[in-house]
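Close look at the chain arrangement
Listed below, chain by chain, are the residues.
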Amino acid sequence: MRAEVAEQLHKFGYQNLRPGQDEIITAVLAGRDVLGILPTGSGKTLCYQIPGMLLPGITLVVEPLLALMREQVLRMQASGAGRVVALNSSLDKADMRAILATLATYKFVFISPELLSRPDVLSALTRSPVSLMVVDEAHCIYQWGPDFRPAYLRLGDLRVQLGSCRVLALTATAPISVREVIGRQLRMQNAYVYAASVDRPELFLGVEEYPQDGQVTDRVGALLTQVHGPAIIYCRSKHQTEELAARFAHLAGRKCNFYHAGVDEHSRMLRERQFINGGLDTLFATSAFGMGVDKPDVRMVLYLGVPATLEDYQQAIGRAGRDGQPAVTALIYSERDVSRTAQFISALPAPSLVNAIYRDAAGYANSDDAQIQLIVAYHQAHFTPAAVNAALSERLTVRSKSFMAVLDFLRAADCHRAALMRHFDSEGMAHTDACCGHVTDAFLATLPEPLRRSRRDFTGWQVIFKQIFNTQA
Amino acid sequence: MISLDDILLLLLDDQPQRPLGLWGVITGRKTASIMFAGLQHQQLHYFGLLAGLSKPDYLAAVQRLLTAKLLQQTDEQVWRTATGRARCAQLHGMAATLASYDPELNVQQFAPRFFLAVQVLSEASYQQRQYVPLSADWQVQQYVRRWYHGTRAELADTVQELTVIFSQLHPATADYLAMLMIGHEYVGSGADQDSPLRRELALCDLLHTIESRPASAWQRLWGGRISLLPPAAAQTSAEFLRGASVQELVARKHRRISTITEHLQLAAIMGQQLPLDRFLSVQQQAVLATAWAGGQRTYQELLAALPGVEFLQVRMFQIMMYRRQNNAR
Ligand SMILES: [Zn+2]
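Just so it is clear, the structure is predicted and the values come from calculations on it, not from any experiment. (Residues numbered from 1 in each chain as written. Chains lettered and ligands numbered in written order. Predicted model: local features only at pLDDT ≥ 70, side-chain atom pairs only at ≥ 80, totals over all residues. Heavy atoms only, no water.)

**Let's talk about the overall build of chain B**
Regarding its fold elements, chain B presents 18 helices and four strands. Principal-axis analysis of the C-alpha atoms places the extent of chain B at approximately 75 × 55 × 30 Å. Burial analysis of chain B (329 residues in total) assigns 52% to the buried set. Pairs at least 24 apart in sequence give 68% of the contacts found in chain B among residues at least 6 apart. As displayed, chain B has an accessible area near 15,400 Å², and 52% of this comes from carbon and sulfur atoms. Counting 30 positive and 27 negative side-chain charges, chain B places the centres of these two groups 6 Å from one another. (Helix = DSSP H or I, 4+ residues; strand = E, 2+ residues; numbered from the N terminus. Buried < 20%, exposed > 50% of the residue type's maximum accessible area, 1.4 Å probe, protein only. Contact = heavy atoms within 4.5 Å. Areas by Shrake-Rupley, 256 points an atom, 1.4 Å probe, with all protein chains shown as cover. Lys, Arg positive; Asp, Glu negative; His and termini not counted. Charge placed at Lys NZ, Arg CZ, Asp CG, Glu CD.)

Laid out in structure tokens, this is it:
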């Protein structure tokens, strides 16, 4: 490790680089284009945070989701990484102008791909030296992938307009075919590719099917009793998160709550931080939860129902066992769940919805429906409604292919892990008793006991003020 | 638990009104027609109270009240039944709680600033510089940063000031607000019956206390009351008061006549003293006053009493009358 890299690393409070980080940082600092495939939770932020501090000028980070952007900004601010700003649609005109006028004073600029192609933003960026362009969630560039964002297609052109600065593309999962698309679209030259294994050997990949929905719920209760330590239960719907949180509210030894996009912002923030500090240990959540939650000791992630893609599933279970200790994950579903998801993926937005969104794109801009978001993104990328309808129906084929991969995974006769690794073109560990299938008591017995941290409970505002403002006298 | 149905029943009127008028008021939609409905039905006090309430949720609640026969309906208008009025009388406790709300307190903007300010002071009390701020919002961060740098020299005083403010709150409100805070190695547990509305009302109580201590740093964080009148409308109304006619304003500001009349209505609804003589002659006012005294309240009825006048003239008369009526209460 180079001395200046080590110095930055210590400044951010770390001792060592994790596998992949060293290689990627070295290649970026050497001026190469880099594609890094790092599983969630393996520290991809540091891969651009350190070069960004060492290189002159701005590090521009393209992030597809507002929530991801906020999360990265908070994380950078917490680590003291100089001046950080996020350019996104939530800023009003005056603030945007103020920031653009002083853009060169920022070290890290986060931006949504749609905003990057706006003339005023682009011209502010061309006036300020950009030395590194980071494309986070780079798989969004893959047209036929589940997370496709039309604006990502323009990133290659924009990079040229920004003086062909070096580019670092990061993603958690990318099969070989997608890696090629990323390289081509971003016009990478002789790129250095680091592909870590997607496999997480410390995770048990449980897969359990039950005839009835009720049995799924019963199984959740049994596992919550048997396993100790923090647990996330991904539910099918907002409604289900609330229902299960109420049902297990009095489960001995568990402090439950629910989390979804319909919960107001302040409550979401409290619950997220309670979960991190141990005030809550069981969260029933939709996929809205987890983006920024870097909690190492999650011992169990349950996924209820059948995911539409293996990418969704991989991302959800990836939140378990980040401390490297054994953790259990389980996809628990009923026979009905298979047809539920099959129905969901075959549903196309009606042309009338496309038209409605085109008439009032701003009105739909904050919807949390993935299909609506995609149509809004097409609109921002200047597709015609006809082109959108055509693209959407072509996506049907792709979605059903993704869903077939999920079914292959669920029905794998030999090893679920092997099926998952095949899908991601990655190597995984060989099947053992601690690998996959029905969650066994024998595996659960190997889980480490959670640390019993003594947590002080504060009651009364005077007591709370003493803690908060350090006035113990 | 504060139930939505109870709140809506309290806020709706004994006089018929279109249900979406109230929805527009409580979600903070600043158009002349919404604000006029709010004035007419004494609902402006609750402007923006439930900013996040969706239209379907609102209409579903109204439907439940109709089914429970607490409201009745004809011609797309709803109003309280006798049972509904009796139920309201039982809800006087909640009515008192809701009364602490005041749209001019600007509580929605204050909330994230307040909690971030507490966090900033907390971390500073432990000499911590690296922590995850509870809001990633650029505006909120900038605002609190500026406030903090203006306050920094007297950290202990600022904390002491907040302690005094909290000691003046109802103890349950103070405890509740403390349970929503985030600070150094402290994450509030939230309350069992937490809701955005309960939070908003508790913060309004806090703001009333802050308002009574004008010299404090917390007053500066709050920034004082805001005017509900949009700046453009305030400007139009000021120029009108200096003598410009509607036509002159249209020409001078390059705005459509509908925009100018919208501005003038908003200004009148929010309490600007626009002389009625500028809109109606004394004789015309007398005709309308007679009709009004005879129970004719709607635009159509008043226009029938005084054919040939324009919408704005009648609307200004109605606004003045409703304001007078509300002031007399
Ligand atoms: Zn296996």
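**What about the sheet that holds strand β5 (residues 130–135) of chain A?**
Residue and element names in this part refer to chain A. Taken in spatial order, the seven strands make up an open sheet running β3-β4-β2-β5-β6-β1-β7, and their pairing is parallel. The open sheet terminates on both sides in strands that have one partner only, identified here as β3 (84–87) and β7 (192–195). In this sheet, neighbouring strand axes are inclined to one another by 15° on average, regardless of whether the strands run parallel or antiparallel. Here strand β1 (residues 34–37) runs beside β7; their pairing, made up of four bridges, is parallel. Residue pairing in the sheet places Val 34 in a bridge with Tyr 192 of β7. Packed onto the sheet, helix α3 (residues 44–54) meets β2 (58–62), β4 (108–111), β5 and β6 (166–171) and runs at close to 135° relative to β4. (Pairing = 2+ DSSP bridges. Axes fitted to C-alpha atoms, helices over the stretch in contact; angles between N-to-C directions.)

**A few points about the interface of chain A and chain B**
Across the boundary between the two partners, chain A contributes 32 residues, which contact 42 residues of chain B. The contact between chain A and chain B buries some 3,200 Å² in all, and 64% of this surface belongs to carbon and sulfur atoms. When the area that chain A buries against chain B is broken down by residue, the three leading residues are A:Trp461, A:Ile468 and A:Phe469, summing to 22%. On inspection of chain A and its partner chain B, the count reaches one salt bridge. (Buried area = accessible area lost by both parts, 1.4 Å probe. Salt bridge = Lys/Arg side-chain N within 4 Å of Asp/Glu carboxyl O.)

**Quick word on the sheet that holds strand β8 (residues 203–210) of chain A**
Pairing between the strands of a sheet comes from backbone hydrogen bonds, and it takes one of two forms, parallel or antiparallel. Residue and element names in this part refer to chain A. Overall, parallel pairing links the seven strands, which are arranged β10-β11-β9-β12-β13-β8-β14 in an open sheet. If you trace the sheet from one side to the other, it starts and ends with β10 (256–259) and β14 (436–437), each paired once. In terms of strand pairing, β8 meets β14 through two bridges, oriented parallel. Within β14, the position partnered with Gly 206 by the bridge is Gly 437. Strand contacts of helix α11 (residues 238–247): β10, β11 (282–285) and β12 (300–304), with the helix running at about 175° to β10, the strand carrying the most contacts.

**Things to note about the coordination of the zinc ion**
Looking at the zinc ion, the protein donor atoms are A:Cys415 (SG), A:His431 (ND1), A:Cys435 (SG) and A:Cys436 (SG), and they sit 2.1 to 2.3 Å from it. Here the zinc ion binds four donor atoms, and the angle range of 103 to 114° at the metal identifies the geometry as tetrahedral. (Donors = N, O, S within 2.8 Å, 3.2 Å for Na, K, Ca; no water. Tetrahedral: all angles 85-135°; square planar, octahedral: opposite > 155°, others 65-115°.)

**Notes on the domain arrangement of chain B**
It is common to report an interface's size as the accessible area lost on association of the parts. Residue and element names in this part refer to chain B. In terms of domain boundaries, chain B breaks down into domain 1 (4–95), domain 2 (104–222), domain 3 (229–274) and domain 4 (280–329). With ten residues of domain 3 in contact, the opposing surface of domain 4 contributes seven residues. Interface area, domain 3 with domain 4, both sides summed: about 650 Å², of which 68% is carbon and sulfur. Counting the contacts that link domain 3 with domain 4 gives zero salt bridges. The interface formed by domain 3 and domain 4 contains three residue pairs in polar contact (both at pLDDT 80 or more). Counting residues per element, the side of domain 3 that touches domain 4 draws most heavily on helix α15 (residues 257–269), which supplies five residues. (Domains from an automatic or database assignment. Polar contact = N/O pair within 3.5 Å; in protein donor to acceptor, adjacent residues only side chain to side chain.)

**Comments concerning the nonpolar core**
Residues and elements named next belong to chain B. Membership of the largest hydrophobic core comes to 79 residues, with the highest contact counts inside it found for Leu 49, Leu 98, Phe 114, Phe 166, Leu 206 and Trp 218. With eleven residues, the top contributor of residues to this core is helix α7 (residues 107–125). Residues contacting Leu 206, with those up to four places away along its chain left out, are Phe 110, Phe 114, Ile 165, Phe 166, Leu 169 and Leu 177. (Core = buried A, V, L, I, M, F, W, Y, C linked by side-chain atoms within 4.5 Å.)

**Points about the pairing of strand β1 (residues 71–74) of chain B**
All names here are of chain B. Bridge count for β1 against strand β2 (residues 77–80) is four bridges, and the pairing is antiparallel. Its bridge partner being in β2, Thr 74 is matched across the sheet by Gln 77. Taking the residues that link successive antiparallel strands as the turn, the β1-β2 hairpin has two residues, and the phi of Asp 75 there is positive, at about 45°.

**Let's talk about helix α19 (residues 416–423) of chain A**
Residues and elements named next belong to chain A. Inspection of α19 places His 416, Arg 417, Ala 419, Leu 420 and Met 421 among the buried residues, and these make up the whole buried set. Where α19 is buried, its residues contact β8, α13 (310–317), α18 (385–410) and β14. Where α19 terminates, the next one or two residues include Asp 425, which has phi positive at roughly 50°.

**A closer look at the side chain of A:Ser426**
Residues and elements named next belong to chain A. Within the secondary structure, Ser 426 sits in the loop between α19 and β14. For Ser 426, a relative accessible area of 14% gives the class buried. Leaving out residues up to four positions away in the same chain, Ser 426 has contacts with Ala 196, Ser 197, Val 198, Asp 199 and Met 421.

**What to know about the packing of aromatic side chains**
Residue and element names in this part refer to chain B. Counted under the stated rule, the structure contains 23 aromatic pairs over all chains. Arranged with centres 5.1 Å apart and planes meeting at 75°, the rings of Trp 292 and Tyr 322 form a pair that is edge-to-face. Of this pair, Trp 292 sits in helix α16 (residues 282–293) while Tyr 322 sits in helix α18 (residues 311–328), and the two are 30 residues apart along the sequence. Tyr 322 carries the same exposure label as Trp 292, and that label is buried. (Phe/Tyr/Trp six-rings, centres within 6.5 Å; stacked < 30°, edge-to-face > 60°.)

**Remarks on unusual backbone geometry**
Residue and element names in this part refer to chain A. The phi angle at Arg 187 is positive, at roughly 50°, despite the residue not being glycine. Within the secondary structure, Arg 187 is located in the loop between α9 (176–185) and β7. Looking at Arg 187, the relative accessible area reads 39%, which means it is partly exposed. Look at Asn 190: it is not a glycine, yet its phi comes out positive at around 45°.

**Notes on helix α10 (residues 213–226) of chain A**
Over its 14 residues, α10(A) extends 20 Å from the first C-alpha to the last, a length consistent with the 20 Å expected when each residue adds 1.5 Å. By the burial criterion, the buried members of α10(A) are A:Val216, A:Thr217, A:Arg219, A:Val220, A:Gly221, A:Leu223 and A:Leu224. (Expected span 1.5 Å × (residues − 1).)

**Focus: the environment of A:Val388**
All names here are of chain A. Topologically, Val 388 is positioned in helix α18. Relative accessible area serves as the criterion here: at 0%, Val 388 is assigned to the buried category. Measuring from C-alpha to C-alpha, the distance between Val 388 and Leu 374 comes to 9.6 Å, with 14 residues separating the pair along the chain.

**Concerning the pairing of β11(A)**
Residue and element names in this part refer to chain A. Burial of β11 is two-sided: the residues Thr 282 and Phe 284 facing one way and the residues Leu 283 and Ala 285 facing the other way are all buried. Where strand β9 (residues 231–234) and β11 come together, four bridges link them in parallel fashion. By the bridge assignment, Ile 233 is partnered in β11 with Phe 284. Both β10 and β11 contribute to a ladder of four bridges, which runs parallel. Considered in β11, the bridge of Phe 258 is made with Phe 284. In this region the chain leaves β10, passes through helix α12 (residues 265–277) and returns to the parallel neighbour β11; the handedness of that crossover is right-handed. (Right-handed = clockwise from strand over helix to strand, strands pointing away.)

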